[in-house]
Amino acid sequence: MVWQVHGSKTFHSYLNPDKHLSAEAAVIGETTGEEPPEHDAADRQSVTMRPGDQLWSHALTPHWVTTGSALAMSVTFSHGGLCHQGRFCERELALRAYWDKNPGEAWTHDLRNVRY
């Protein structure tokens, strides 16, 4: 969940994320939000967030953020293991399958990116 604290941002994602980035590719970080792949604007969903707004985004869903003010800050609450009716989402399943094959990397996913 993203909670906008100051300023404004626009959160951009895809109506059909698998068309642009498979779950397996998302797990190994084949793309970043800084450089979204070429796409048709009709495939995109954009939500402008202002202070106090909250937005839910599934883990590993391709997205990028643009700012609408000189200073914009948000807080992101993130954790894995969410499921619905006893089933993990497709991207969570892909992440857990990757961890099964690479147990030394389990739960260190976000630490590999120098931005963090």
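Our subject is the structure that appears above.
Model, not experiment: these values are computed from the prediction.

Colleague: Would you mind showing me how to read the nonpolar core here?
Modeller: Note on soluble globular proteins: their nonpolar side chains tend to be buried together. L21, A23, A25, A26, V27, L60, A94, L95 and W99 together form the largest nonpolar core, which totals nine residues. Every element with two or more residues in this core is listed here: α2 (23-27) and α3 (90-101). With four residues, α2 is the single largest residue contributor to this core.

Colleague: What is the right way to look at the sheet that holds strand β6 (residues 73-76) in this model?
Modeller: Pairing within the open sheet is antiparallel, and its three strands lie in the order β4-β1-β6. Of all strands in the sheet, those with a lone pairing partner are β4 (54-55) and β6, marking the two edges. With four bridges joining them, strand β1 (residues 2-6) and β6 adopt antiparallel strand pairing. When the bridges of β6 are listed, V2 appears paired with T76.

Colleague: Even after reading the chapter, I still don't get α3, so can you show me in this structure?
Modeller: Each α-helix turn comprises 3.6 residues. Residues three or four places apart therefore point the same way. The terminal C-alpha atoms of α3 lie 17 Å apart, and with twelve residues this matches the ideal 16 Å at 1.5 Å per residue to within 8%. Residues of α3 that are buried include every one of R91, E92, A94, L95 and W99, and no others. On an axial view of α3, the arc spanned by its buried residues comes to 160°, and they lie on one face. Exposed residues lying more than 90 degrees from the buried face of α3 are D100 and K101. Where α3 is buried, its residues touch α1 (17-20), α2 and β8 (87-88).

Colleague: So what exactly am I meant to see when it comes to the environment of P17 here?
Modeller: Mapped onto the secondary structure, P17 falls in helix α1. Sequence separation between P17 and R44 is 27 residues; the distance between their C-alpha atoms is 9.2 Å.

Colleague: Any chance you could explain the sheet that holds strand β3 (residues 44-49) here in plain terms?
Modeller: Picture the strands of a sheet paired through backbone hydrogen bonds; they go either parallel or antiparallel. Strand order across the open sheet formed by three strands is β3-β2-β5, with antiparallel pairing between neighbours. Strand pairing shows two members of the sheet lacking a second neighbour, β3 and β5 (63-67), which therefore form its edges. Between one strand axis and the next, the sheet turns by 20° as a mean value, whatever way the strands run.

Colleague: Whenever I open this one, the packing of aromatic side chains confuses me. Can you help?
Modeller: The geometry of an aromatic ring pair comes down to the distance between the two centres and the angle between the two planes. Summed over all chains, the structure comprises one aromatic pair. Between Y14 and W64, the ring centres sit 5.4 Å apart and the planes meet at 55°, which makes this aromatic pair tilted. You can see Y14 sitting in strand β2 (residues 9-14) and its partner W64 sitting in strand β5, a full 50 residues away along the chain. Comparing Y14 with W64 shows no difference in burial state: the two are buried. Cation over ring: R96 sits above F88, and NZ or CZ is 4.3 Å from the ring centre.

Scoring rules and cut-offs
- Numbering of residues starts from 1 in every chain and runs along the sequence as written.
- Two thresholds apply to this predicted model, a pLDDT of at least 70 for residue-level local features and 80 or more for giving and counting side-chain atom pairs, whereas whole-chain, interface and lining totals are computed over all residues.
- In computing side-chain values, all of the structure's heavy atoms are included and hydrogens and water are not.
- Joining through side-chain atoms within 4.5 Å is the link that ties buried Ala, Val, Leu, Ile, Met, Phe, Trp, Tyr and Cys residues into a set, and such a set is a nonpolar core.
- The buried label goes to any residue with under 20% of its type's maximum accessible area, the exposed label to any with over 50%, and the partly exposed label to all in between, with areas taken from a 1.4 Å probe on protein chains only.
- Secondary structure is summarised from DSSP: a helix means a run of H or I of at least four residues, a strand means a run of E of at least two, and numbering begins at the N terminus for each.
- Whether two strands pair depends on DSSP finding at least two bridges between them.
- Every helix has an expected span of 1.5 Å times one less than the residues it contains.
- What the arc measures is the spread of directions leading from the helix axis to the C-beta atoms.
- Residue contacts follow a heavy-atom distance rule, with two residues in contact if any of their heavy atoms lie within 4.5 Å.
- Axis geometry follows a simple rule: fit a line to the C-alpha atoms, using only the stretch in contact for helices, then measure angles between N-to-C directions, giving values from 0 to 180 degrees.
- In summary, the pairing rule links any two rings of Phe, Tyr or Trp, Trp by its six-membered ring, whose centres are within 6.5 Å, and it sorts them by plane angle into stacked for under 30 degrees, edge-to-face for over 60 and tilted for everything else.
- By definition, being over a ring means that NZ of Lys or CZ of Arg is both within 6 Å of the ring centre and within 35 degrees of the ring normal.

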